[in-house]
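# Results of the structural survey
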Amino acid sequence: MLQFLFKALMAIGALLGGIGLLLPARFEVQRSLEMHGVPEDVYAVVGDLSTWDDWSPFAKKLDPGLMVTLSNDPVGETAFRRWRGPRLGSGELRITRYDEEQGVDFAFQEPQRPASTLSFRARELENKVRMVEVTWTESGYLGWNPVHRWMGLVWLDRHSGRRMENGLAELRRVMKEL
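Here the structure is a predicted model, which means the values were calculated and not measured.

With their axes 11 Å apart at the nearest point, helix α2 (residues 39-46) and helix α4 (residues 146-177) run at an angle of 115° to one another. Here α2 and α4 pass one another in a crossing that is right-handed. Every residue of α4 that contacts α2 at Asp41, Val42, Val45 and Val46 is listed here: Leu171, Val174 and Met175.

Now the structure itself:
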């Protein structure tokens, strides 16, 4: 009986692992929110890493013990934000593209898992004065690990999406104060 149970558990594990390998290796989570402002103002706030504690879900509110180091110039391409904390661990976020008309792109550097990028785009809303829709996208690669792929399917959109929604709501508050 015990041997049968062991074999059944092994078969279920192998089946789940095999299915996990067939799941997508790439992920994308996207959230949008309307707020006051113009695209250039949104990009100025998002592209200034020194303002991230005011609105970002990756801020000290999430991890009060977080130690953050910014590049000498926290704005524009090559600017970075490094952190180390008891809850968030360590990592680095680097601006890879800063275009006042097209948007701002970021890349998480090692040891961040899964490897991912962030992008912010803002478009002016027709028939609404000084209103924009800001879209935050996170995308990345989950690798070959079937557990990571299952987590991407079951957990990533809900978890990251909730953080993104909170961050966009805080960004809306910051934009309203400008």
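Topologically, Met35 is positioned in strand β1 (residues 26-36). For the pair formed by Met35 and Arg172, sequence separation is 137 residues and the distance between their alpha carbons is 5.3 Å.

Among the secondary structure elements, Ser116 is positioned in strand β6 (residues 115-124). By relative accessible area, which is 5% here, Ser116 ends up buried. Reaching out from Ser116, the side chain makes a polar contact with the side chain of Glu138 at a distance of 3.1 Å. Ignoring any residue separated from it by four or fewer positions in sequence, one finds Ser116 in contact with Phe27, Ala107, Phe108, Glu138, Ser139 and Gly140.

About the criteria used
- Residues numbered from 1 in each chain as written.
- Predicted model: local features only at pLDDT ≥ 70, side-chain atom pairs only at ≥ 80, totals over all residues.
- Heavy atoms only, no water.
- Axes fitted to C-alpha atoms, helices over the stretch in contact; angles between N-to-C directions.
- Helix = DSSP H or I, 4+ residues; strand = E, 2+ residues; numbered from the N terminus.
- Left-handed = near helix turned anticlockwise from the far one by under 90°.
- Contact = heavy atoms within 4.5 Å.
- Buried < 20%, exposed > 50% of the residue type's maximum accessible area, 1.4 Å probe, protein only.
- Polar contact = N/O pair within 3.5 Å; in protein donor to acceptor, adjacent residues only side chain to side chain.

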